[in-house]
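# Coordinate inspection notes
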Amino acid sequence: MKPIERLSRQRLRSAAVVLPFLGAFLLLPPFLPLFTARVQVLGMPLIVVYIFGVWAALIGLAWWLARRIGGEPEPPA
């Protein structure tokens, strides 16, 4: 494995570690009131669209990271 590829894989793994914390931050109660306005998006309250949008984005990002990180495991150093 080339040094550039190893660095890239390490960054992707770091991003995979940070992803759940980002998701938790985006769903914290102090952040949610920003989306409690009486606005409807396709007949649904904005808060519902936000929560499910964050959830879907986290799943998509986790899938993308898993595909990019995949491959053979690195040998122990």
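Scroll up to find the structure.
In short, a report on the structure. All values reported here derive from a predicted model rather than from experimental measurement.

### With respect to the environment of Gln40
Examined against the element boundaries, Gln40 turns out to sit in strand E1 (residues 40-41). For Gln40, a relative accessible area of 53% gives the class exposed. Engagement of the side chain of Gln40 in a polar contact is seen with the backbone nitrogen of Met44, the distance being 3.5 Å.

### Overview of unusual backbone geometry
In the Ramachandran plot, Leu42 falls in the positive-phi region, its phi being about 55° despite a non-glycine side chain. Mapped onto the elements, Leu42 comes out in the loop between E1 and strand E2 (44-45). Classification of Leu42 by relative accessible area gives exposed; the value is 82%.

Parameters at a glance
- Residues numbered from 1 in each chain as written.
- Predicted model: local features only at pLDDT ≥ 70, side-chain atom pairs only at ≥ 80, totals over all residues.
- Heavy atoms only, no water.
- Helix = DSSP H or I, 4+ residues; strand = E, 2+ residues; numbered from the N terminus.
- Buried < 20%, exposed > 50% of the residue type's maximum accessible area, 1.4 Å probe, protein only.
- Polar contact = N/O pair within 3.5 Å; in protein donor to acceptor, adjacent residues only side chain to side chain.

All we've got here are geometric facts, nothing functional implied.
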